[in-house]
Structures are given as structure tokens and as C-alpha cells.
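Coordinate inspection notes
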Amino acid sequence: MMEPITINGLKIPNRTVMPSMGMAYTSDYTLTDRFKAFYRERAKGGVGLMTIGPIAIDKAGSAPFMPALFDDQYVEPLKNYIDELHRETETKVANQLIHLGRAAFSMVSGVPSIAPSPVPSKLSGETPREMTAEDIEGVQEAYVQSARRSKEAGFDFVEILACTGYLISQFLSPVTNKRTDAYGGTIENRMRFGLEVITRVREVLGKDYPLGIRIAGNDFMEGGHTNVESGIFAAEAVKAGVDAINVTGGWHETYVPQLNTSVPPGTYVYLARGIKEKVDVPVFASNRLGDPYVAERALRSGACDMVCWGRPLIADPELPNKVKEGRFDEIVPCIACNQGCFDSIFSASAVFCVLNPRAGREEELPIRKTKNPKKVMVAGGGPAGMEFALTAAQQGHDVTLYEKEASLGGQVNLAKASPGKGELGKITDSMRGRMNRYGVKVKLGTALGTETVEEEKPDVVAVASGALPADISVPGIDKPHVHCAWDVLMERVPNIGKNVVIVGGNATGCETAHYLTAIGTADPAIFTFLMYHTAENPESAKKLLYNSGRKITVVEMVTRLAGNVGRSARWPLMKSLKMMGVDLRRGAKLLEIRDDSVLVESEEGQESIAADTVIMAVGSRSVNELAAAVMTEGVKVITLGDAKEPRKLTEAIREGFEEALKL
Ligand SMILES: Cc1cc2nc3c(=O)[nH]c(=O)nc-3n(C[C@H](O)[C@H](O)[C@H](O)COP(=O)(O)O)c2cc1C
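None of the values given here were measured: they were computed from a predicted structure. Within each chain, residues carry numbers counting from 1 in the order of the written sequence. The model is predicted, so local features are restricted to residues of pLDDT at least 70 and side-chain atom pairs to those at 80 or more, both for listing and for counting; the totals for chains, interfaces and linings are taken over all residues. Hydrogens and water molecules were not included; the side-chain quantities draw on all heavy atoms of the structure.

So, the nonpolar core
Side chains of a nonpolar character, in soluble globular proteins, are inclined to be buried together. As used in this record, nonpolar core signifies buried Ala, Val, Leu, Ile, Met, Phe, Trp, Tyr and Cys residues forming a set joined through side-chain atoms within 4.5 Å. Categorising residues by exposure relies on relative accessible area from a 1.4 Å probe, with only protein chains included: less than 20% of the type maximum marks a residue as buried, more than 50% marks it as exposed, and the intermediate range marks it as partly exposed. In this structure, F193 and I245 are the most contacted members of the largest nonpolar core, which totals 138 residues. The biggest single contributor to this core is helix α6 (residues 187-205), with eight residues. Setting aside residues up to four positions removed in sequence, F193 forms contacts with M131, I136, V139, Q140, Y143, L167, I168, F171 and Y183. The next biggest cluster of nonpolar side chains, apart from the first, holds 28 residues, and it includes C484, A485, V500 and L584. Per the convention used, a helix needs a DSSP run of H or I reaching at least four residues, while a strand needs a run of E reaching at least two, with both numbered from the N terminus. Should any heavy atoms of two residues lie within 4.5 Å, those residues are considered in contact.

Structure, rendered in C-alpha cells:
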């Protein structure tokens with residue numbers, strides 16, 4: 001990974017690429033200080049090729065949340081910034097020329113969206129206007145002029161976006177290209193628009209300038225391109241003049257998860273391999289390669305020549321340098337939760353990161369050494385407590401963290417239990433590694449009590465003692481077959497029956513249902529084994545994936561299940577629950593728990609649902625008694641995270657970080 005590579009004369013110091021990511025750190029197409037600070041920190045972190053992008057080539061195909069190059073006025077500020085990056089770092093700077101086509105939101109761009117054909121977009125809900133011959137010429141010219149300006153601005157590399165269900169891929173795919181002219185019909189015709197763009201851009205850049213393209217190795221759209229058609233396009237793109245191919249997968253409308261925690265690391269490397277077999281230029285692999293060992297393996301396998309780290313570099317700008325220096329236990333991992341990045345972008349807000357509270361606030365929130373070290377005690381080793389302890393120690397305070405359980409993590413240990421979420425355990429691993437590096441003393445199996453505070457006389461006590469499951473009062477709640485979801489997720493309930501009713505359909509209830517569906521089904525390793533040895537035919541092996549042997553019902557009072565799960569994690573979760581046959585009862589209220597059933601009430605009236613196990617997932621309540629108990633003179637008490645108010649991981653970490661900065 002740390003070996004250099006040369007692409008059309010451009011020597012890139014290592015094999016890591018920060019792919020294009022719309023961060024929404026501008027609102028008027030200009031380069032802001034926030035934008036610059038974000039990328040400056042990543043360049044200093046050692047990434048080989050950093051894409052500052054996407055870049056708007058015209059208004060119809062973009063949004064003001066990205067920098068633009070559709071006018072000469074945008075060149076100089078970019079040039080000054082890129083010159084600065086070149087002076088200060090070894091990182092090579094790329095951009096990505098984007099046209100969203102039918103995926104543009106006209107409300108945001110202020111211009112009606114255009115596309116090869118008037119096929120409605122599920123993303124924007126709009127039906128684009130079919131592009132005329134003049135539109136085609138106009139958009140191609142916009143690519144050309146933006147490419148010319150990219151060169152003038154000093155970019156080292158230009159990438160043309162031809163995936164994700166944006167304009168060029170809309171031309172490529174029969175799903176969105178219904179044209180009957182020279183740009184529609186056969187694959188040769190559908191490739192024409194993209195290939196003409198490449199040819200014209202190559203012409204304006206000259207032959208010695210590095211030009212790349214980003215394609216989907218598979219659209220994962222019914223009737224769309226697979227790795228076969230993508231391979232054909234890749235080979236033609238090389239003939240038309242590209243020097244490198246960045247291979248991602250899927251469109252925004254795809255129903256195969258591309259980016260969330262459930263996508264096993266390295267899943268889509270095979271797409272890059274499929275393209276590499278068809279071309280003789282460097283190929284970049286993408287998606288879920290943040291684990292450096294997985295990335296290194298992808299490179300060593302020969303499937304790709306460079307690896308993309310998108311969200312992993314949002315989470316940890318220093319990732320390349322940490323890998324280079326072997327500081328693996330200090331890496332802040334991307335857990336692909338998407339809560340701060342993808343979910344923000346799709347609600348038109350600026351990107352933040354759950355695990356890196358400084359992302360997008362680099363200038364505002366530097367971590368500085370204190371001149372006045374304090375003695376700090378932290379009660380609770382969940383995310384809020386660990387982040388507080390870590391940030392305090394990074395500033396030079398003397399920090400001891402007390403955790404009453406035998407291990408760190410708090411509610412992360414619950415969150416990581418359900419299928420495909422094991423990676424959340426990396427949160428704890430990373431915080432443990434970093435606390436160790438910065439000298440936090442960690443006392444496990446030790447609850448911080450008033451006596452210790454009186455004895456040790458700290459300057460600060462941070463109460464981050466988390467939360468406990470909330471209680472509700474309903475007839476039958478004390479019956480022996482009633483358990484709380486947290487105990488189930490922690491595997492403290494050995495005798496779960498065949499007819500399970502989960503009360504509460506928020507994140508915890510739905511995740512508990514998902515967890516239960518996975519017990520007794522074939523896990524990925526078993527499935528692979530059966531397939532590898534042709535022990536079962538694919539159809540019967542597939543059945544083993546979907547049969548949990550239990551009847552699981554989720555009962556929720558409101559109509560929206562998993563309402564507190566982020567947008568990009570919610571649909572795969574709901575998809576899994578449906579595939580696994582979980583009975584989802586919305587608008588249903590629990591009235592009574594009986595020995596073998598529960599009585600619920602909905603608009604349709606009262607109903608009894610068979611239940612030999614009832615699992616309560618009805619929220620949580622803060623645990624913070626220590627705060628009042630240690631409120632003695634001279635001790636500053638700070639209550640953090642769920643101990644202050646039960647919320648999500650984002651708030652816990654952000655609060656731990658920000659409160660520690662105030663010390
Ligand atoms: C907030 C956000 C914005 C993105 N915007 C773009 C984009 O404009 N163009 C693009 O090609 N990919 C975009 N992506 C996809 C990333 O480039 C990358 O392919 C994806 O995050 C998967 O890689 P990762 O697992 O390393 O993050 C975006 C991703 C995120 C998280």
C-alpha cells in the first residue's frame with residue numbers, strides 16, 4: 001500500500017486514494033475555509049491521491065453544495081489552495097467532474113433536470129427532460145471547459161464520474177436510456193455519450209495529463225449493467241484516452257447495500273478485478289476497504305492497483321500515516337454507520353462523523369496541550385466516557401477511567417450484537433488503543449464511588465454512567481418469560497421460545513428481532529462452505545439463510561418502525577426483517593402479558609398474539625446518581641452522554657469530546 005505508483009507520468013507517493021465525496025461544506029459553489037481545512041488535514045495525513053470533489057460543471061447537473069468550475073472565476077481560489085497543498089504535502093490532488101443528470105434536484109439547482117430519457121428518478125422524485133442534441137453538445141462542452149480549468153487550477157488528475165446512476169451511467173444503462181437516436185439502443189450507442197466526453201476531455205487536457213474515470217463494476221439494477229458490460233465500457237474508455245479506472249458499484253436506487261456496516265469489508269473488490277481483467281491501466285478498488293489489512297490484501301491479490309478510502313479518511317485523516325508507521329491500534333475506524341456522512345448529505349446538511357467529532361470542524365476545534373493539567377476521574381467506559389477520557393488525556397490531563405463491568409464499551413456491546421454489526425466493536429478497540437497511547441489509566445470491574453472521589457480529590461469528575469432499560473407498567477410484566485432486550489442481546493437469556501413478541505419497534509426492538517432471526521440460520525461461513533463443496537444446490541442452501549425456526553412479532557405503538565435508525569441503515573434493516581418473515585405490527589399497543597400470549601390493541605380492535613417469550617424494548621433511562629453524590633466543593637462535575645439524557649452514539653461521542661475540550 002505504501003509503494004508509489006506512476007499514472008501517465010504522475011508519481012503518486014502511495015496506493016491510497018481519497019475518492020470524491022460531496023461534503024456540503026459550501027453553499028454557493030465556492031471554496032470555503034471549512035472545506036479547505038478538511039482537505040488540508042487529510043493531505044497532511046498522507047493520502048496518496050486526494051480527490052477534491054465532486055466539482056460542478058454546470059448548474060443543471062449539480063448543487064451549490066459542491067465547488068464549481070463552470071466559470072473562470074473559480075480557477076484562482078482553487079489554484080491558490082492546490083499550490084498550498086503541493087507546497088506542504090506530497091499528496092497529489094484530483095477532482096471529479098460530475099453531472100447528476102436525472103438525480104439532480106431542481107429545487108436545489110434552480111434549473112430543471114435533464115437526462116437521456118424522461119425516466120422518473122426515485123432519488124429526487126422528479127421526471128427529467130429528455131436531452132436534445134444541443135443539450136448533449138452543451139453538457140459535453142461543459143465537461144471540456146471544466147477539464148481545461150482543472151488543469152489551469154493545478155489539479156494533478158481529473159476524474160470523470162460515470163457511475164452511481166448519474167448522467168453518464170444514465171446513458172450507459174438501458175434502465176434509464178430509452179433513446180432511439182445514436183445515443184440509445186445498442187451498447188455501442190449507449191456508450192457513445194460517455195466516450196465522446198472522454199475523447200473531448202482528453203483533447204483539451206493533452207496526452208500527458210492523467211485522466212481517470214469512475215464506473216460501477218455492476219449497477220446492481222435489474223436490467224442494468226453487470227461486470228460484463230462495465231468491462232466492455234472500461235476497455236472502450238481506455239481506448240478513448242483514460243489512464244485509470246476507479247471501480248465502485250451500485251446506483252443510489254440499488255437495493256443491494258453498497259456502503260453500510262452489513263457489507264463485509266472487501267466485498268466489492270471482485271468488481272475491480274473484473275475490470276482489471278479487461279484493461280491494462282491502473283484500477284482502483286472501492287467501498288469498505290478501510291481496514292488496512294483488507295486493503296493490503298486486495299492490492300496483493302492483484303485485483304487492483306490502488307485502494308479508495310472515503311469514509312475511513314473522514315473518520316481518521318491520519319489513516320495513511322498511521323498505517324505507514326504501524327500505529328494500527330490508534331486508527332479511528334469507519335464503522336460504515338453513515339449517520340454523519342451519507343445520511344447528512346441526503347438531508348442536504350454538511351457531513352460530520354460519529355467517531356470523529358472534529359471532521360468538518362478542524363479549524364474550530366483543535367486539540368491543544370494544556371498549561372494547567374488537571375486530575376480527572378471518569379465514571380463509565382461507554383463511548384461518552386471513553387471519548388472524554390481520551391480527549392482530556394490528549395490535552396495532557398491526568399485521567400483515570402472507572403468501568404464497573406469487566407470490559408469497556410457500554411451500549412456498544414449491545415449495538416454490535418445484531419447481524420452485520422460486529423464491526424461496531426472496533427469503536428471500543430480503537431478507543432482502548434488510543435486511551436492507552438495517551439496514558440489514560442483504566443480500572444475495569446471498578447465502579448467509581450464517593451469514597452474514591454473523597455480520597456483521590458480530583459479536580460474533575462465526569463459522570464458517564466450511561467443508561468438502563470426503562471420500565472413500563474403493564475399487567476404481566478413480572479412474569480418469568482418476560483425479558484429485556486439488552487439481556488437478550490448480551491446473551492443472558494438462554495431459553496428463548498419459538499413464539500417471540502418484541503414490545504417496542506425502535507432501533508433496539510428491530511435490532512433484537514434481527515438478532516433473533518440470525519440464530520439458527522446458516523451464517524455466511526456455513527453458506528460459503530456448502531456452496532464451495534456443492535453440498536447443497538443454491539436454492540436449498542439459500543433457504544437455510546432465511547429460516548430462523550421462530551415466529552417473531554414486533555409490536556410498536558407508532559406507525560414508523562425503526563424511526564430512530566438513520567436513513568441508510570434503516571432500509572437494509574427493514575428489508576432483512578421482511579425477508580426473514582418478522583411480523584411487524586404498527587400502531588399496536590400492549591395491554592397485557594399472559595402466560596402464553598400478549599394482548600394488543602390496534603385500530604382493528606383487540607388481538608391475542610401467541611408468545612412464549614416476551615422481550616421489552618421500550619427505551620432507556622439515565623443513570624447518574626453519582627453526579628449528585630460527588631457534588632462537593634472544589635470538584636467540578638460533568639454529566640455526559642446517556643447519563644445526561646439517553647440519545648445516540650453521535651451525541652455521546654460529540655459531548656465527550658466537546659466537554660473535554662472545555663477542561
Ligand atoms: C458523504 C459522501 C458523499 C459522496 N459523494 C460522492 C460523489 O460525489 N462522487 C462519487 O463518486 N462518490 C461519492 N461518494 C462515494 C465515495 O466516494 C465512496 O465510493 C464510498 O464512500 C465507499 O467507499 P468507503 O467505504 O471507503 O467510504 C460519497 C460518499 C459519501 C460518504
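So much for the structure itself; the text now carries on.
Re the site of the ligand
Consider each residue's heavy atoms; a residue with any of them within 4 Å of a molecule or strand counts as near. Taken together, 22 residues surround the ligand, and among them S20, R214, R288, G310 and R311 come closest. We call two N or O atoms a polar contact when they sit within 3.5 Å, provided that within protein one can donate a hydrogen and the other can accept it, with sequence-adjacent residues counted only if both atoms are side-chain atoms. Contact between the ligand and G310: an oxygen atom at 2.8 Å from a main-chain N or O atom of the residue. A distance of 2.7 Å separates an oxygen atom of the ligand from a polar atom in the side chain of R311. Using a 1.4 Å probe, the Shrake-Rupley method yields the accessible areas, and only the shown protein chains count as cover for residues. Alone, the ligand offers 610 Å² of accessible surface; in the complex the protein occludes 93% of this.

Focus: helix α4 (residues 133-152)
With 20 residues, α4 extends 29 Å from end C-alpha to end C-alpha; this agrees with the ideal 28 Å at 1.5 Å per step. All of the buried residues in α4 are D135, I136, V139, Q140, A142, Y143, V144, S146, A147, R149 and S150. Helix span, expected: 1.5 Å multiplied by one less than the number of residues in the helix.

Points about the state of the cysteines
In plain terms, two cysteine sulfur atoms within 2.5 Å form what is called a disulfide here. Tallying each qualifying case throughout the model produces zero disulfides. The thiol of C510 is unpaired, and the distance to the nearest cysteine sulfur, on C484, comes to 16 Å.

Let's talk about the side chain of S286
With respect to the helices and strands, the residue S286 is situated in the loop between β11 (283-285) and α9 (292-300). Of note is the side chain of S286, whose polar atom sits 2.9 Å from the side chain of R214. Within the structure, S286 has its side chain in polar contact with the side chain of N287 (distance 2.8 Å). Those residues in contact with S286 that lie beyond four places of it in its chain are R214, N246, V247, T248, Y268 and C308.

Considering empty space enclosed by the protein
Points on a 1 Å grid over protein atoms alone make up a cavity when a 1.4 Å probe fits among them but cannot get out, and a pocket when they form an open set with protein on both sides within 12 Å along at least five of seven lines; lining residues each have an atom within 4 Å of a point. Grid points are joined across faces, edges and corners, and a volume is the space filled by probe spheres set on the points. Scanning all chains against the criterion turns up three cavities of 30 Å³ or more. Lining of the largest cavity is provided by 15 residues; of these, C334, C337, C341, C353 and V354 occupy positions nearest its centre. Residue polarity is assigned by list, with Asp, Glu, Lys and Arg as charged and Ala, Val, Leu, Ile, Met, Phe, Trp, Tyr, Cys and Pro as nonpolar; anything else, Gly included, falls into the polar class. Here the residues of the lining of the largest cavity sort into 12 nonpolar, two polar and one charged. Put simply, the second largest cavity is a space of about 60 Å³.

Side note on the sheet that holds strand β13 (residues 375-379)
The sheet built from five strands is open, its strands ordered β15-β14-β13-β16-β27 with parallel pairing. In this open sheet, the two edge strands, each paired with only one partner strand, are β15 (441-444) and β27 (636-639). In this sheet, adjacent strand axes meet at a mean angle of 15 degrees when their direction is disregarded. Pairing geometry for strand β14 (residues 398-403) and β15, over four bridges, is parallel. For Y402, the partnering residue across the bridge sits in β15 and is K443. In this analysis, strands are considered paired if DSSP registers two or more bridges between them. Here an angle of 0 to 180 degrees is reported between the N-to-C directions of two axes, which are lines fitted to C-alpha atoms, with helices fitted over the stretch in contact.

Comments concerning the environment of V493
As for its position among the elements, V493 is in the loop between α17 (485-489) and β19 (499-503). Classification of V493 by relative accessible area gives buried; the value is 10%. Separated by 53 residues in sequence, V493 and V440 place their C-alpha atoms 34 Å apart. Leaving out residues up to four positions away in the same chain, V493 has contacts with H483, D487 and V488.

Description of the pairing of strand β10 (residues 244-248)
Burial of β10 is extensive: five of the five residues sit out of reach of the surface. Side-chain alternation along β10 places A244, N246 and T248 on one buried face and I245 and V247 on a second face that is also buried. Note: strand β9 (residues 211-216) against β10, five bridges, orientation parallel. Each bridged residue has a counterpart across the sheet, and for I213 the counterpart in β10 is I245. Considered for its hand, the β-α-β crossover made up of β9, helix α7 (residues 227-240) and β10 is right-handed. When the strands point away from the viewer and the path from the first strand over the helix to the second turns clockwise, the crossover is right-handed.

Brief notes about the environment of F233
Mapped onto the fold, F233 is located in helix α7. Measuring from C-alpha to C-alpha, the distance between F233 and L195 comes to 8.6 Å, with 38 residues separating the pair along the chain. Excluding anything up to four places from it in sequence, F233 contacts A162, I168, L172, M191, L195, I198, I213 and I215.

Observations regarding the pattern of salt bridges
Oppositely charged side chains can form a pair if their charged atoms are brought close together. Any Lys or Arg side-chain nitrogen located within 4 Å of an Asp or Glu carboxyl oxygen qualifies as a salt bridge. Tallied over the entire structure, the rule returns 41 salt bridges. Close ionic contact of K421 with E511 constitutes a salt bridge, the shortest N to O distance being 2.8 Å. With K421 in the loop between α14 (412-415) and α15 (425-437) and E511 in helix α18 (residues 507-518), this residue pair connects regions lying 90 residues apart in the sequence. Taken together, the shared-partner salt bridges connect E318, E325, R327, E330 and R437 into one network.

Re a nonpolar patch on the surface
Put simply, a patch holds well-exposed residues, over 30% relative accessible area, that have no salt bridge, with like charges counted together within 9 Å and Val, Leu, Ile, Met, Phe, Trp or Tyr side chains within 5 Å. Judged by side-chain polarity, F105, M107 and V108 come together as a nonpolar surface patch covering roughly 310 Å² of accessible area. Inspection of the secondary structure assignment puts V108 in helix α3 (residues 106-109).

A word on the pairing of strand β22 (residues 589-593)
Bridge analysis of β22 against strand β23 (residues 597-602) gives four bridges, and the strand direction is antiparallel. From the neighbouring strand, K589 faces β23, where its bridge partner is E601. Hairpin remark: β22 followed by β23, antiparallel, with three residues in the connecting loop.

Some points on the packing of aromatic side chains
Note on ring pairs: Phe, Tyr and Trp rings are taken, using the six-membered ring of Trp, and paired if centres are within 6.5 Å. Classes follow the plane angle, with under 30 degrees stacked, over 60 edge-to-face and the rest tilted. In this structure the tally under the stated criterion is 13 aromatic pairs. Ring plane angle 40 degrees and centroid distance 6.4 Å describe the contact between Y268 and Y270, whose orientation is recorded as tilted. Exposure remark for Y270: the relative accessible area of 41% places this residue in the partly exposed category. Cation over ring: R437 sits above Y438, and NZ or CZ is 5.1 Å from the ring centre. Working rule: Lys NZ or Arg CZ, within 6 Å of ring centre, within 35 degrees of ring normal, means a charge sits over the ring.

Here's the deal with the sheet that holds strand β4 (residues 49-56)
Spatially, eight strands are ordered β3-β4-β5-β8-β9-β10-β11-β12 in a closed barrel, and the strand pairing comes out parallel. Across this sheet, the average inter-strand angle for adjacent strands is 30 degrees, counted without regard to direction. Across six bridges, the pairing between β4 and strand β5 (residues 92-98) is parallel. Across the sheet, residue A56 finds its bridge partner in β5, namely I98. The strands that α7 touches are β8 (157-162), β9 and β10; relative to β9, the one it contacts most, it runs at about 170 degrees.

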